[in-house]
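# What the coordinates show
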2 protein chains.
Amino acid sequence: MSITGEMLIGRQAVRGNEAALRAFNPATGAEIAEPVFGGGSAAHVGTACDLAQQAFDPYRRLPLTVRAEFLERIADGITSLGDALIERAQLESGLPKARLEGERGRTTGQLKLFAQVVRAGQWLAATLDSPLPERKPLPRSDLRMQKIALGPVAVFGASNFPLAFSVAGGDTAAALAAGCPVVVKAHPAHLGTSEMVGRVIQQVAQGMDLPEGVFSMIVGAGNAVGEALVAHPAIKAVGFTGSRAGGLSLMRIAAARAEPIPVYAEMSSVNPVFLLPEALAQRGDAIARGFVDSLVLGAGQFCTNPGLAIAVDSDALKGFVATASQALGGKPAQTMLTGGIHSAYEKGEDKLAATAGVETVARGLDATGPTQARAALFVTDAQTFLATPTLEDEVFGPVSTIVRCNDEREMLAVAEHFAGQLTATLQMDSADLAIAQKLLPVLERKAGRILVNGFPTGVEVSHAMVHGGPFPATSDSRATSVGTTSIERFLRPVCYQDFPADLLPAALADSNPLDLWRHRDGEITRS
Amino acid sequence: MSITGEMLIGRQAVRGNEAALRAFNPATGAEIAEPVFGGGSAAHVGTACDLAQQAFDPYRRLPLTVRAEFLERIADGITSLGDALIERAQLESGLPKARLEGERGRTTGQLKLFAQVVRAGQWLAATLDSPLPERKPLPRSDLRMQKIALGPVAVFGASNFPLAFSVAGGDTAAALAAGCPVVVKAHPAHLGTSEMVGRVIQQVAQGMDLPEGVFSMIVGAGNAVGEALVAHPAIKAVGFTGSRAGGLSLMRIAAARAEPIPVYAEMSSVNPVFLLPEALAQRGDAIARGFVDSLVLGAGQFCTNPGLAIAVDSDALKGFVATASQALGGKPAQTMLTGGIHSAYEKGEDKLAATAGVETVARGLDATGPTQARAALFVTDAQTFLATPTLEDEVFGPVSTIVRCNDEREMLAVAEHFAGQLTATLQMDSADLAIAQKLLPVLERKAGRILVNGFPTGVEVSHAMVHGGPFPATSDSRATSVGTTSIERFLRPVCYQDFPADLLPAALADSNPLDLWRHRDGEITRS
């Protein structure tokens, strides 16, 4: 598949006529000369959104088996791109080949899991209340409810997962599974990768003769195209993974529309790790090495990167800091995704190092390339942490701060101090249960996922996963952007009252033709 | 129970020291002299919200049986107020006694239904993914998910349901059921009724020794108190039923907070009724009489009042208009809830009557009291309707406009033209199935509930009910404010990864001690 630099609008490949973009290679810092990607205009956005609007009813009303097949064929198409896709993604992201192969597996696995979810149909939440014609003073009607798709969805690809959170990533898979057409704004950090994957979706949609407009992909320099996308009346929800500033900007645009719409923005998190006393005493060295491995994974460019560790001061903590420092000191610098991310990292790391009350205890090996990040480890005390709001800001990259507390009470105060997080972690042994039980209600309020004796990097795509959390981790703590329940972001309930059988949706028919588990008069039944 | 004019903040009764309010009697237009209600300040709001914050963890972690008992005892306490409550509500609202008795039954029934919902625990959405320790390349963790309460909720009572959508109404019941403390802003149109019900909740909470702050009720003249409530950092969600301007104002405040929060505002809807040709031909007169009865019910002061009827022109439609006009012409004027609602109604009705292309075909009987509304019926044609956006604005009261279409195509264009609605109705016979099938996908996009051969007034409190819909019917089409699934508005998911058994929430324990239907590895099971 050749990369042309065109956008994909419905069944067309369209060359943008606004400011051009070029892909670039973060390992060398050099632009990739060919092809040039033409930037889209508000008119292109309008065409894509109008097509999405026209596709909405026919697409959402297709048999669920067709929708599932669409997702599976996209997965197969991505696999069929073979090494060419991995090589292009490697070139554009600087990520290692094995990591990208793993990410491709995650991407195709996610699409196939959503195909299963679509077929199983539990997301329809089919609910039936039987009529009570004899009830006094008034009879009760026949009431049936199912969830339907929200409408066309705008998806913003993430820089740090060029496959799994991008053009055919989690947001797209969940939206298409829900019955929503998707308009993707391709991330400028992996334009060629985006086009390759986008063309797969376009070809599959055309090959299956799906409604034109079920998928489009727009490219643009700057923010204008993305802003026009979120502002377009046809768009009914937004999926975004990126910076806090970017997410907040989209939230503002969505809230200012004539019809405000939901924005699911996954933004920033420092993912605190609580090192409880007995765990530190029993296996502090092992935890320190695991912590550093999690911290430097993928050059620290994970949303769930552990940016803070919190512990009560002790000899065991001193040992932990020593072991972690030694481990981190041997970690090679790694190429970051973009020059912008790299310079933000350098700035953030410098700011941490210069913060009063913050001690630099270790640095990784020096950089050997233009956008490489050197890991760093800092230590501060709880009073400094509580008094310095910037210490809670996410620094995207391989950096973490250890917060030393005087006692358990101070550790609880630090936990209570946090804003919303994607994750919080407890490193604990059975003798730590009492303090863990005190921390748990606080952490439940603060985080979408709480881990025991693991590290937060590594987000499983499964039914029970929550990749979400209170603001500012995300814009909407009611949702997850990873896992099968992420489909719920793009659904809304509709009630059908006293419908004749021949007008009822299949999910709500008496005979249960879709073989769903349904809520009937308050009971869960498959009959 | 005596009404003192105090606010209820935690376990205290507190006299507000800001601008005072008096209850009033809409039937006479006169203020009720005693007691005076002291208006609250931002400081009162702060105290109530701080107490709610402190109550949050202890309240949400009580056994579900205690939470359920709380709701049941509130219901019993309301019943125990006996006629005194009905008389006060009648005095303050002008609503007939039978209507208020029915509404009281709805309110207590709703609380008891939510008690059942709390005990059944399906809202926990307990989900378990088994660990896969042997999986390659990486093992899978033990992942378990449940939903927990969002945090303290601000509830704004509605003017038109002084019991069922007010202090102990649907929003409060759903929030308390979810595990959220509630701070109510009492509606100035029924201050005494609010205090009576608020004192019941306060006494029950104290009698059960629930955490102080699980419930408070604030009073205020003007918007300042409500605005301070929505802006308070402890508040994590807002429930509101009222005007579009009021809802939009709360949405703006919520979006502008340092931590934006969800607002569930149920605002405005004209609830179109489609009169399909065969139904009109077969039983136009009966539909006309039912339509007018629905239209004037409760002086038209229902969110689901049918404000528009749409039909293809025919002799049958002429007959419908004649019968509806005759029926409406005999309807007595009715006292409206407040002077403000009455004057807005008069203004809205006058504006409709004066709109070019709109013909007044019937008026109800003349008013005999100061705030009585006289019903009105108008007719226009589809082209006028499509060209006149104000014809789609809700006029709160007993008024409706019949839109005459030239053909089916024009009827579809009118349907497509609508903004979001709480309801849409099809009056149809079997011979109308083809046009109903064309309308259905459009109406699914436009409304939260679609009725066949009924009238939209009358909202059942059940499992399958959706009282919601796309903007501007509500601020969030993903939610319903009536029915058991309204609890979902106040919940968010949390994932527990690799938790030891003694730290796991009961809903997720291996032994399933709460006897829940749970999602386990993608299957639904109770084992």
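Residues numbered from 1 in each chain as written. Chains lettered and ligands numbered in written order. Predicted model: local features only at pLDDT ≥ 70, side-chain atom pairs only at ≥ 80, totals over all residues. Heavy atoms only, no water.

What follows is about the overall build of chain A. Summing up its helical and strand segments, chain A has 14 helices and 25 strands in all. Split into buried and exposed, the 527 residues of chain A put 63% on the buried side. Considering only contacts within chain A whose residues lie at least 6 apart along the sequence, 76% involve residues at least 24 apart. Of the roughly 17500 Å² that chain A leaves accessible, carbon and sulfur atoms contribute 53%. Put simply, chain A has 45 plus and 54 minus side-chain charges, and the middle of one group is 3 Å from the middle of the other. (Helix = DSSP H or I, 4+ residues; strand = E, 2+ residues; numbered from the N terminus. Buried < 20%, exposed > 50% of the residue type's maximum accessible area, 1.4 Å probe, protein only. Contact = heavy atoms within 4.5 Å. Areas by Shrake-Rupley, 256 points an atom, 1.4 Å probe, with all protein chains shown as cover. Lys, Arg positive; Asp, Glu negative; His and termini not counted. Charge placed at Lys NZ, Arg CZ, Asp CG, Glu CD.)

Along its 17 residues, helix H6 (residues 191-207) of chain A runs 24 Å from first to last C-alpha, staying within 8% of the 24 Å computed at 1.5 Å per residue. Backbone geometry just after H6(A) places A:Asp209 at a positive phi near 55 degrees. (Expected span 1.5 Å × (residues − 1).)

To continue, consider the interface of chain A and chain B. Taken together, the contacts link 72 residues of chain A with 72 residues of chain B. At the boundary of chain A with chain B, the tally comes to 10 salt bridges. For the salt bridge of A:Arg445 with B:Asp57, the shortest nitrogen-to-oxygen distance reads 2.7 Å. Remark: the boundary between chain A and chain B carries 36 residue pairs in polar contact (both at pLDDT 80 or more). If you list the elements that add at least two residues to the side of chain A that touches chain B, you get helix H1 (42-60), strand E7 (127-129), strand E8 (143-149), helix H8 (244-256), helix H14 (433-446), strand E22 (447-452) and strand E23 (491-497) of chain A. The element best represented in the side of chain A that touches chain B is H14(A), accounting for 8 residues. Residue classes in the side of chain A that touches chain B are distributed as 39 nonpolar, 12 polar and 21 charged. (Salt bridge = Lys/Arg side-chain N within 4 Å of Asp/Glu carboxyl O. Polar contact = N/O pair within 3.5 Å; in protein donor to acceptor, adjacent residues only side chain to side chain. Nonpolar A, V, L, I, M, F, W, Y, C, P; charged D, E, K, R; others polar.)

Here the focus is the nonpolar core. A:Phe274, A:Leu426, A:Leu439, B:Phe70 and B:Ile74 are the most contacted members of the largest nonpolar core, which totals 141 residues. Among the nonpolar cores identified, the runner-up in size contains 140 residues, and A:Phe37, A:Val200, A:Val225 and B:Met428 belong to it. (Core = buried A, V, L, I, M, F, W, Y, C linked by side-chain atoms within 4.5 Å.)

Let us look at the pairing of strand E12 (residues 237-241) of chain B. Residues and elements named next belong to chain B. E12 sits mainly inside the fold: 5 of its 5 residues count as buried. Going residue by residue along E12, you find Ala237, Gly239 and Thr241 tucked away on one face and Val238 and Phe240 tucked away on the opposite face as well. Across 4 bridges, E12 lies against strand E13 (residues 263-266) in parallel orientation. Of the residues in E13, the one forming a bridge with Phe240 is Ala265. (Pairing = 2+ DSSP bridges.)

What follows covers the sheet that holds strand E19 (residues 376-381) of chain A. Spatially, E17(A)-E19(A)-E20(A)-E15(A)-E14(A)-E21(A)-E22(A)-E23(B)-E8(B)-E7(B)-E24(B)-E25(B) is the arrangement adopted by the 12 strands of the open sheet, whose pairing is mixed. Edge positions in the sheet fall to strand E17 (359-363) of chain A together with strand E25 (523-525) of chain B, since each has one partner strand and no second. Each strand axis lies, on average, 20 degrees off the axis of its neighbour in the sheet, ignoring direction. Contacts from helix H9 (residues 277-296) of chain A reach strand E14 (272-275), strand E15 (308-312), E19, strand E20 (399-405) and strand E21 (421-427) of chain A, with the element oriented near 155 degrees to E14(A). (Axes fitted to C-alpha atoms, helices over the stretch in contact; angles between N-to-C directions.)

Moving on to the relation of the copies chain A and chain B. With an RMSD of 0.0 Å, the operation that places chain A on chain B is a rotation of 180 degrees combined with a shift of 0.0 Å along the axis. Look at the turn and shift together and you get a two-fold axis relating the two. Among all residues of chain A, the minimum C-alpha distance to the rotation axis is found for A:Ala255, at 3.6 Å. Comparing contact sets, 100% of the residues at the interface of chain A also lie at the interface in chain B, consistent with an isologous, same-surface contact. (Least-squares fit on C-alpha atoms with pLDDT ≥ 70 in both.)

A:Pro137 follows A:Lys136 through a cis peptide bond whose omega is 0 degrees. Note that A:Pro137 resides in the loop between E7 and E8. Of note, the amide linkage connecting B:Glu34 to B:Pro35 takes the cis form, showing an omega dihedral of -10 degrees. Among the secondary structure elements, B:Pro35 is positioned in the loop between strand E5 (30-31) and strand E6 (37-39).

Another point: the sheet that holds strand E19 (residues 376-381) of chain B. With mixed pairing, the 12 strands of this open sheet are ordered in space as E25(A)-E24(A)-E7(A)-E8(A)-E23(A)-E22(B)-E21(B)-E14(B)-E15(B)-E20(B)-E19(B)-E17(B). Looking at which strands have only one partner, the edges of the open sheet turn out to be strand E25 (523-525) of chain A together with strand E17 (359-363) of chain B. Across the sheet, the axes of successive neighbouring strands diverge by a mean angle of 20 degrees, strand direction being ignored. Together, E8 and E23 of chain A together with strand E14 (272-275), strand E21 (421-427) and strand E22 (447-452) of chain B form the strand contacts of helix H14 (residues 433-446) of chain B, whose direction differs from that of E22(B) by roughly 150 degrees.

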